[in-house]
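Inside the fold
The residues making up each chain are set out below.
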Amino acid sequence: MANVLLEFKAAAGDSEPQNRPILIIGQQTNLQQVNWSQIKGKLQPAVSKEVWQAALSALNPNPTDSCPLYLNHAAVATLPSRVSRHNSPSSAHFVSRLVRTCLPGGTNRCIVMVCERSDVFASSCAIARAFPIFSRRSASSRRTEKKHVTVEFVIIGQESSPLELKELECLSNAADGVRLAARIVDTPCNEMNTDHFLDEIKAVGTELGITPVIIRGKELKQKGFGGIYGVGKAALNPPALAVLSHTPDGATQTIAWVGKGIVYDTGGLSIKGKTTMPGMKRDCGGAAAILGAFKATIKQGFKDNLHAVFCLAENAVGPSATRPDDIHTLYSGKTVEINNTDAEGRLVLSDGVVYANKDLSADIILDMATLTGAQGISTGKYHAAVMTNSEQWEAACVRAGRSSGDLAHPLVYCPELHFSEFTSAVADMKNSVADRENAQSSCAGLFIGSHLGFDWPGVWVHVDIASPVHAGERATGFGVALLMALFGQASDDTLLNHVSPLGVADAISGDQMERDCKRRRLI
C-alpha cells in the first residue's frame, strides 16, 4: 500500500478487468439503480449485463457482502442496507474494510463508488484510509514502481450530476491529509521525534507559504510553558510549541486547533508496563490529524483566521524527568501538583489552549488528542469522545462525525460535579483524578478547560481520539475529515459547505446573532 498513488476522477475511463482490475462498492439499492451503460466499459467483455445483474441478486449484506464478477479481476461489494443513528449514512468504516479486503491486486486498479452526493466526502476519506503510506518492510523498499488506484464516483439520487473539478480537488486534498496524518502516527519515534515532527510542520508551511512560529527547549520554560517543558525536558530531542497561522483579509473570527503531539509516551516515571507501552508512537495522533486537516483546509480556501497549534514532546525517562510530587506552573499561571506523570497530554494541551486564547485571541478553540485509554470504554473504538462548553457545538460535532465518517459522541460536561477530582492541598490542582471510576475521560477534558476557565466566553471543544486513531496495528488518519466537515462552512469549497453542520443562520434569532456576531457563521 505504501507506493499507491490515489487519484479521484469524474470518469475513470474504460478498460477491461484483465488490464485494470476493478471493485464496485455501494449499498444494494444504489447498485441496482446504476445504469449498465455507466459501468459496462469497465467490465466488458469479461462481464456481461446478465452476470452483473445475477451478482447483484446474489448479494445478501449482513452487514456487508461481496461477489466476484470475473476471476480475481473484478468484484462487486455491498454496504449495509441500513445504519443506526450513531453511525455514518456513508458506512465509512465498512467502505474502508471492503476496499482492504475485496479490491483485486494489480499495479493499475479502479474503484467505482456508488453513493448519494451527501456521502461522497466521507466515502473518499474512507477509501484513503485503506491505503497507508508508511512501511519499512524490506520487500516494499525494493519495489520502485508506483501502484495506481483510480476512484470514480457514480452519484445516485436527485443531485446526480458528475463531480466537478473543484470537488475532485477537495477529495484529493482530504485524502492526502488523511494519509499524511496516518503516516505520521504509524512512524516510530526513532524516525518521528520532535525534530522530525517539526520538519513535517515546516514542509506543510512551505507548501502553503506559511512560516511557522516555533518555541522550544529552555525558551519554553522561560516563557512560562511549564506543561510542555515539564513533560518533554528529559528527552534527547527537546519539546516544542509550533504554530501555523492562516490570516486572510476579511476574516470575521479566529479559530485555533490545538493538537497533542506526544511523539512517544513511556508514561514517564509513572512508567507504563510491557504490554501497554507498545503502540505509544500513536500518542501524537491529535497533532498529526490537525496538521493533515490544516493542510487540506487551507488548500481549499478558508475565509477566517485559522491557527494550528502543535504541542510536541516526548514523555521520556531520565535524570531530569518530572517526578510525582513536582509542582509545575502552566502558561495559565495556575500551579499543578503532578501525581501521575502518565497523565501528560492534558499538561501540554493546557499550555496550548491558553496560548491560543492569550496570544492568538481565538474565539473558537478546539483541542484534539489521544488523551485517555478510558475514551475507548466511554465511546468505543469508532467514535471520538467530544466535550464542549457549548450545547450547539456538541450537537454539531456529532453531525459532523456522521457526515464525515469520523464518528463522534458526547462526554458528560459537568465541571461542578467532576472537577473536585483534581483537588490538591499544596497547588491549584493535581493532574490526575482521585477516583479513576468517576468519568475519567470527562475529567481529563475538564482539566484542559479549567486553564481557559469554565466561564470563558468563547467556544471550547475537546476531542479525545485515543481509540479511533488506529484500527489494529495501523493508523486511520482519524480527525482530518471531522475537522474539515465541522469547519466546512468557513471554507471556500462548496463540497465542504455541504457536509458542514454549522452555519444554519436561519435557526438563530436576529437578536442572538447580533449579540453573538463573532460566532454567527460557525453555529
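Our subject is the structure that appears above.
The structure displayed is predicted, hence computed values, not measured ones.

A sheet is described by the order of its strands in space; here six strands give the open sequence β1-β6-β5-β2-β4-β3, paired in mixed fashion. Edge positions in the open sheet fall to β1 (4-9) and β3 (65-70), since each of these has one partner strand only. Direction aside, neighbouring strands of the sheet carry axes that sit 20° apart on average. Judged from the five bridges that link them, β3 and strand β4 (residues 74-79) form a sheet pairing that is antiparallel. Its bridge partner lying in β4, Asp65 is registered against Thr78. This element, helix α2 (residues 36-43), spans β2 (22-27), β3, β4, β5 (108-116) and β6 (147-156) of the sheet and lies at about 155° to β2. Strands β1, β5 and β6 of the sheet are contacted by helix α5 (residues 120-129), whose axis makes an angle of about 150° with β5.

It is worth spelling out empty space enclosed by the protein at this point. Counting across every chain of the model gives five cavities of 30 Å³ or more. In this structure, the largest cavity occupies an estimated 90 Å³ of space. Tallied by class, the residues present in the lining of the largest cavity amount to seven nonpolar, six polar and one charged.

Put simply, Gln44 and Pro45 share a cis peptide bond, and its omega is 0°. With respect to the secondary-structure elements, Pro45 resides in the loop between α2 and α3 (49-58). Non-glycine residue Asp325 carries a positive phi angle of around 90°. Relative to the helices and strands, Asp325 resides in the loop between β10 (305-315) and β11 (327-329). We note that Ser361 has phi near 55°; this positive angle belongs to a residue other than glycine.

Here we take up the layout of surface pockets. What the largest pocket holds in volume is close to 640 Å³. Lining the largest pocket we find 28 residues, and of these Lys272, Leu371, Thr372, Gly373 and Ala374 sit closest to its centre. Mapped onto the lining of the largest pocket, the elements with two or more residues apiece are β9 (254-265) and α12 (345-358).

A cluster of nonpolar residues, Leu269, Ile271 and Val317, forms a patch on the protein surface that exposes about 260 Å² of accessible area. Of note, Val317 is situated in the loop between β10 and β11. Residue Val317 is classed as partly exposed on the basis of its relative accessible area, which comes to 45%.

The rules we used
- Residues numbered from 1 in each chain as written.
- Predicted model: local features only at pLDDT ≥ 70, side-chain atom pairs only at ≥ 80, totals over all residues.
- Heavy atoms only, no water.
- Pairing = 2+ DSSP bridges.
- Helix = DSSP H or I, 4+ residues; strand = E, 2+ residues; numbered from the N terminus.
- Axes fitted to C-alpha atoms, helices over the stretch in contact; angles between N-to-C directions.
- Contact = heavy atoms within 4.5 Å.
- 1 Å grid on protein atoms, 1.4 Å probe; cavity = no way out; pocket = protein on both sides within 12 Å on 5 of 7 lines; lining within 4 Å.
- Points joined across faces, edges and corners; volume = space filled by probe spheres on them.
- Nonpolar A, V, L, I, M, F, W, Y, C, P; charged D, E, K, R; others polar.
- Patch = residues over 30% accessible without salt bridge, like charges linked within 9 Å, V, L, I, M, F, W, Y side chains within 5 Å.
- Areas by Shrake-Rupley, 256 points an atom, 1.4 Å probe, with all protein chains shown as cover.
- Salt bridge = Lys/Arg side-chain N within 4 Å of Asp/Glu carboxyl O.
- Buried < 20%, exposed > 50% of the residue type's maximum accessible area, 1.4 Å probe, protein only.

Don't take any of this as a statement about function, it's just geometry.
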